[in-house]
Amino acid sequence: MGRKYFATNDTKYTQNLADYAVDINFDDLPEEVIERVKMLTLHTLGVALAAKPIALSDAAQKVAKAANGGSGGESSVWLGGEKLSMANAAFVNGTLADILDWEDCAWAGHPNAGAIPVAMAVAEGLKKSGKEFIEGVVAGLEVYQRVSMAVQPDDDFDHNQGWALGNWQIFAASAAAAKILGLSKEQMNKTFGMSVLYAKMPSNLQQGTMSNAYHYEYGVTSHNGILAALCAKEGVANLMDCFDIPYAYCEQLTKAVDRSWLNKGIADKRYYLMDILVKHWPANMWVQTPLELVQLLVKENNIVADNIEEIIVNPPTQYRMHFYEEGFESLMEAQFSIPYVIAAALIDPMPGPNWYSEDKFKDPKIIEYGKKVKSGLDKEDTLLESFHCYQNGSHPKKTVTIKMKDGTIYEKTQRTHKGHPLDMLSREEFCDLFRREASFALTKEQVEQVIDFVLNLEKVKDVSSIHELLSV
């Protein structure tokens, strides 16, 4: 097992978590967990396909192809079906999954942009079954949920210090890869150690600059997650118990380390993937509720956008009320702006990349409508308060008031929007949403074939058969 060269907490958190991930078996999974994995897979595939018109999707494919030394490999890029190595295909698909900020939000990030691209790439590359794919996704999501919660900050945390979602994203990818590769329990432990070595440094540069490079984080962590598992498979000396050794990982991120999360719910067969929120709209998580409220009010009252005097969001959300009369400069800047996204939805209520074409960033109509969105009088919700609210099983309550030019006032309050674990989409709603998402890249026939493939994953003998469904 290797000598322990540094003082440890003399615990077995890392090995217990590794044992749990390796022991996951399809036949033991509750039906609702299998169903949720299918729906998360469908949605993640869909939002990646919907990213096709965004320039970054083409750039990600060019980067991966260059790193691959040209075309060739065993795993498919979801857009177009080109084959690359497992790691390079996962890089593209992980990036695509986050480009529209439409996938999911767990308590502390977007694990499906890692677990699902990686599980698909490895299962396809090794010609594994749909059941083995599902096992890999469950392993990735369950490990991620526990690791991410073990390193959350305390209430005195300064957001400028650099705590960021990418710091634990790799575990969604590496655990999924290691599970499908069939690694032993010791190798899974070492996969976690390799993940620590490959993990992103705690920097918030992407938010400080509002760069679309933010979306590459999910491609990089997907790629590195596969490398971490492969390194462990081929053999590394020592490198055990990364979560038990002080300052090997946990204390690097927070002073409020809670290692009990690493093994929480394992004995009780608690599946934390069931607590993952699905974003109903292509926008940042904290934009979802205000947008949902505006959409509901507009639909229920046949509101004409040109007749709106102002839209008040109360309480406002920290770092999400920004608006620039000269226009927006980047995809991330727009996705994280409540005024921008509401304006885009008022112009075109059908969600998708159509909200984020570069010409929209300075569109006069976007500017006109965005200026109408104002902050309410209550104290703003901070991001940390909002996360704590979500982690405790709820969501920040928002009220949207629409004041019309003729003096009419419409108002609506909501706490858990559609896609929240307490108001999850139905199978039919997931399928309809996928049809919208995938329409930007696939034919109607292909869309229905992919839906059938995902809904019947447990019957799929060889996941590589998805290649023909995605090829154009």
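This write-up is about the structure you can find in this document. (Residues numbered from 1 in each chain as written. Predicted model: local features only at pLDDT ≥ 70, side-chain atom pairs only at ≥ 80, totals over all residues. Heavy atoms only, no water.)

Here the focus is the state of the cysteines. Under the definition given, this model contains 0 disulfides. Looking at Cys250, it has no disulfide partner, and the nearest cysteine sulfur is the one in Cys242, 7.5 Å off. Look at Cys250 and you get buried, because its relative accessible area is 1%. Cys389 carries a free sulfur, and the closest cysteine sulfur to it, the one in Cys105, is 13 Å from it. (Disulfide = S-S within 2.5 Å. Buried < 20%, exposed > 50% of the residue type's maximum accessible area, 1.4 Å probe, protein only.)

Running from N to C, helix 1 (residues 13-23) and helix 6 (residues 130-150) point in directions that differ by 160 degrees, and their axes come no closer than 9 Å. Judged by the angle between their axes, helix 1 and helix 6 are roughly antiparallel. As for the relative orientation of helix 1 and helix 6, their crossing is right-handed in sense. Residues Leu17, Tyr20 and Ala21 of helix 1 form the contact with helix 6, whose participating residues are Ala139, Glu142, Val143, Arg146 and Val147. Tallied by class, residues from the contact of helix 1 with helix 6 come to 6 nonpolar, no polar and 2 charged. (Axes fitted to C-alpha atoms, helices over the stretch in contact; angles between N-to-C directions. Helix = DSSP H or I, 4+ residues; strand = E, 2+ residues; numbered from the N terminus. Parallel < 35°, antiparallel > 145°, perpendicular 65-115°, else oblique. Left-handed = near helix turned anticlockwise from the far one by under 90°. Contact = heavy atoms within 4.5 Å. Nonpolar A, V, L, I, M, F, W, Y, C, P; charged D, E, K, R; others polar.)

The next thing to look at is the sheet that holds strand 5 (residues 308-314). The sheet built from 4 strands is open, its strands ordered 6-5-7-8 with mixed pairing. Each having just a single partner strand, strand 6 (373-375) and strand 8 (409-414) make up the two edges of the open sheet. Adjacent strand axes in the sheet meet at a mean angle of 20 degrees when their direction is disregarded. Sheet analysis places strand 5 next to strand 6, joined by 3 bridges and oriented parallel. Note on strand 6: the bridge partner recorded for Ile311 is Val373. Relative to strand 8, helix 12 (residues 288-301) is tilted by about 135 degrees, and along the sheet it contacts strand 5, strand 7 (398-404) and strand 8. The sheet contacts of helix 14 (residues 338-347) involve strand 5 and strand 6, and relative to strand 5 the element is tilted by about 135 degrees. (Pairing = 2+ DSSP bridges.)

The next point concerns the environment of Gly370. Structurally, Gly370 can be placed in helix 15 (residues 364-370). A C-alpha to C-alpha distance of 40 Å links Gly370 and Ala121, two positions 249 residues apart in sequence. Every residue in contact with Gly370, bar those within four places of it in the chain, is listed here: Phe323, Pro339 and Ala343.

Membership of the largest hydrophobic core comes to 161 residues, with the highest contact counts inside it found for Phe133, Trp168, Phe171, Phe192, Phe243, Tyr249 and Tyr356. Sequence-distant contacts of Phe192, that is, excluding residues within four places in its chain, are made with Thr14, Leu17, Ala18, Val143, Phe171, Ala175, Cys242 and Phe243. (Core = buried A, V, L, I, M, F, W, Y, C linked by side-chain atoms within 4.5 Å.)

Attention shifts here to the layout of surface pockets. Gaps left between atoms are located by rolling a probe of water-molecule size over the structure's atoms. By volume, the second largest pocket is sized at about 350 Å³. Looking at the second largest pocket, the residues that line it are His280, Trp281, Glu292, Gln295, Leu296, Lys299, Pro349, Met350, Pro351, Asp432, Leu433 and Arg436. Going through the elements one at a time, helix 12 and helix 17 (427-438) are the ones with two or more residues in the lining of the second largest pocket. When residues of the lining of the second largest pocket are assigned to their parent elements, the largest contribution, 4 residues, is made by helix 12. Of the residues that constitute the lining of the second largest pocket, the class distribution is 6 nonpolar, 2 polar and 4 charged. (1 Å grid on protein atoms, 1.4 Å probe; cavity = no way out; pocket = protein on both sides within 12 Å on 5 of 7 lines; lining within 4 Å. Points joined across faces, edges and corners; volume = space filled by probe spheres on them.)

Turning next to the pattern of salt bridges. Evaluated as defined, the whole model comprises 25 salt bridges. Between Glu132 and Lys128 there is a salt bridge whose closest N-O contact spans 3.8 Å. According to the relative accessible area criterion, Glu132 is partly exposed, its value standing at 29%. For Lys128, a relative accessible area of 23% puts it in the partly exposed group. Put simply, Lys365 and Glu368 hold a salt bridge, and the shortest N to O gap is 3.3 Å. In this pair, Lys365 and Glu368 are both assigned in helix 15, 3 residues apart and thus about one turn of the helix distant. Among the ionic contacts, a cluster of salt bridges with common partners joins Asp101, Glu103 and Lys279. (Salt bridge = Lys/Arg side-chain N within 4 Å of Asp/Glu carboxyl O.)

This part takes up the side chain of Asp104. Within the secondary structure layout, Asp104 lies in strand 3 (residues 104-105). No salt bridge is formed by the buried Asp104. Its closest oppositely charged neighbour is Lys279, at 6.9 Å. Of note is the side chain of Asp104, whose polar atom sits 3.3 Å from the backbone nitrogen of Asn112. When neighbours within four sequence positions are excluded, Asp104 is seen to be in contact with Gly109, His110, Pro111, Asn112, Ala113, Ile276, Leu277, Val278 and Lys279. (Lys, Arg positive; Asp, Glu negative; His and termini not counted. Polar contact = N/O pair within 3.5 Å; in protein donor to acceptor, adjacent residues only side chain to side chain.)

Here we come to the pairing of strand 7. Buried residues dominate strand 7, accounting for 6 of its 7 residues. Bridge count for strand 5 against strand 7 is 6 bridges, and the pairing is antiparallel. If you follow Ile308 over to strand 7, its bridge partner there is Met404. Direction of pairing for strand 7 relative to strand 8: antiparallel, over a ladder of 6 bridges. Looking at strand 8, one finds that Ile402 is bridged to Tyr410.

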